[in-house]
Amino acid sequence: MAVGETTISVVGNLTDDPELRFTPSGAALAKFSVASTPRTYDKTSGQWQDGTAMFLRCTAWRDLAEHVAESLAKGMRVVVTGRLRQHNWQTEQGENRSMLGLEVDDIGPSLQFATATVTRAGRKAAAAPADDPWNTAAPASAGGLGTNAPAADAGYSDEPPF
């Protein structure tokens, strides 16, 4: 995060299912909108009053984008944290336009009116270039230096080697 960036948190409902796409280079990108409507209690009428709804277009990248697309759906109440971005463009008629969007750093379901079961996502193995001299297979003997894994389990562990 750069100095001076505007970071905000928004609580609201997804207006549609997240849309998952991929860039030409293969990076995942999820786009979705969050609607947040302020409510105030009117003591004279004894009722809640809805304010003006704010619709914020959000973009999540890479693994977060895939997790959003797999986990969240239209209507879910979410808590989104990210950085505000202003997008500027010019219409065909020459009019200047701008729009605020949210580049998502973190998102999760709101547990105020719901429950959730969390499943830890597995890590993706980074692909090493074929000509990388350090790209060698793990020894097929024991489970590795400093691990207590039996010799039959030559796989990797999430445990640190110390």
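Residues numbered from 1 in each chain as written. Predicted model: local features only at pLDDT ≥ 70, side-chain atom pairs only at ≥ 80, totals over all residues. Heavy atoms only, no water.

Draft legend 1. Here's a closer look at the overall build of the protein. If you tally the helices and strands in the protein, you get one helix and eight strands. In the protein, the succession of α and β elements from N to C terminus is β-β-β-β-β-β-α-β-β. In the protein, which comprises 162 residues, the proportion classed as buried is 20%. Partitioning the contacts of the protein with sequence separation of at least 6, the portion at a separation of at least 24 is 56%. Of the roughly 12400 Å² of accessible surface on the protein, a fraction of 53% belongs to carbon and sulfur atoms. (Helix = DSSP H or I, 4+ residues; strand = E, 2+ residues; numbered from the N terminus. Buried < 20%, exposed > 50% of the residue type's maximum accessible area, 1.4 Å probe, protein only. Contact = heavy atoms within 4.5 Å. Areas by Shrake-Rupley, 256 points an atom, 1.4 Å probe, with all protein chains shown as cover.)

Draft legend 2. Geometry of the packing of aromatic side chains. As enumerated under the stated definition, the model contains one aromatic pair in all. Between the aromatic rings of Tyr-41 and Trp-48, the centroid separation amounts to 5.4 Å while the plane-to-plane angle is 65 degrees, which identifies the pairing as edge-to-face. (Phe/Tyr/Trp six-rings, centres within 6.5 Å; stacked < 30°, edge-to-face > 60°.)

Draft legend 3. Representation of the side chain of Ser-36 within the structure. For Ser-36, the location among the structural elements is in strand β3 (residues 28–36). Within polar-contact distance, the side chain of Ser-36 engages the backbone oxygen of Val-11 at 3.0 Å. Residues within four places of Ser-36 in sequence aside, it is in contact with Val-10, Val-11, Gly-12, Thr-52, Ala-53 and Met-54. (Polar contact = N/O pair within 3.5 Å; in protein donor to acceptor, adjacent residues only side chain to side chain.)

Draft legend 4. Quick look at unusual backbone geometry. Here Arg-62, not a glycine, exhibits a phi torsion of approximately 55 degrees, which is positive. Topologically, Arg-62 is positioned in helix α1 (residues 62–71). Overall, Arg-62 belongs to the exposed group, its relative accessible area being 54%.

Draft legend 5. Representation of the side chain of Ser-110 within the structure. Locating Ser-110 in the fold gives a position in the segment after β8 (96–109). Only 3.4 Å separates the side chain of Ser-110 from the backbone nitrogen of Gln-112, close enough to count as a polar contact.

Draft legend 6. α1, seen in detail. Listed as buried for α1 are Ala-65, Glu-66 and Val-68. End-on, the buried residues of α1 take up no more than an arc of 160 degrees, which puts them together on one face. Looking at the packing, one finds that the buried side of α1 touches β2 (19–22), β3, β6 (54–61) and β8. (Arc of directions from axis to C-beta.)

Draft legend 7. Quick peek at the nonpolar core. In this structure, Phe-32, Val-34 and Ile-107 are the most contacted members of the largest nonpolar core, which totals 17 residues. Broken down by secondary-structure element, the contributors of at least two residues to this core are β1 (7–14), β3, β6, α1, β7 (77–90) and β8. Element by element, the count of residues in this core is highest for β3, at four residues. If we ignore the near neighbours within four places in the chain, the residues touching Val-34 are Val-10, Gly-12, Asn-13, Leu-14, Thr-15, Met-54, Phe-55, Leu-56, Cys-58, Val-78 and Val-80. (Core = buried A, V, L, I, M, F, W, Y, C linked by side-chain atoms within 4.5 Å.)

Draft legend 8. Highlighting the environment of Ala-69. Tracing the sequence through the fold places Ala-69 in helix α1. According to the relative accessible area criterion, Ala-69 is partly exposed, its value standing at 28%. Setting aside its immediate chain neighbours within four residues, Ala-69 contacts Pro-18 and Leu-20.

Draft legend 9. Here's a closer look at the environment of Ala-28. Looking at the secondary structure, you find Ala-28 in strand β3. Residues Ala-28 and Glu-66, 38 residues apart in the sequence, show an inter-C-alpha distance of 6.6 Å. If we skip the residues at most four places from it in the chain, Ala-28 touches Leu-20, Arg-21, Phe-22, Ala-60, Trp-61, Arg-62, Ala-65 and Glu-66.

Draft legend 10. Inspection of the environment of Asp-106 at higher detail. By secondary structure assignment, the location of Asp-106 is in strand β8. By relative accessible area, Asp-106 is classed as partly exposed at 47%. Residues Asp-106 and Ala-60, spaced 46 residues apart in sequence, show a C-alpha to C-alpha distance of 8.5 Å.

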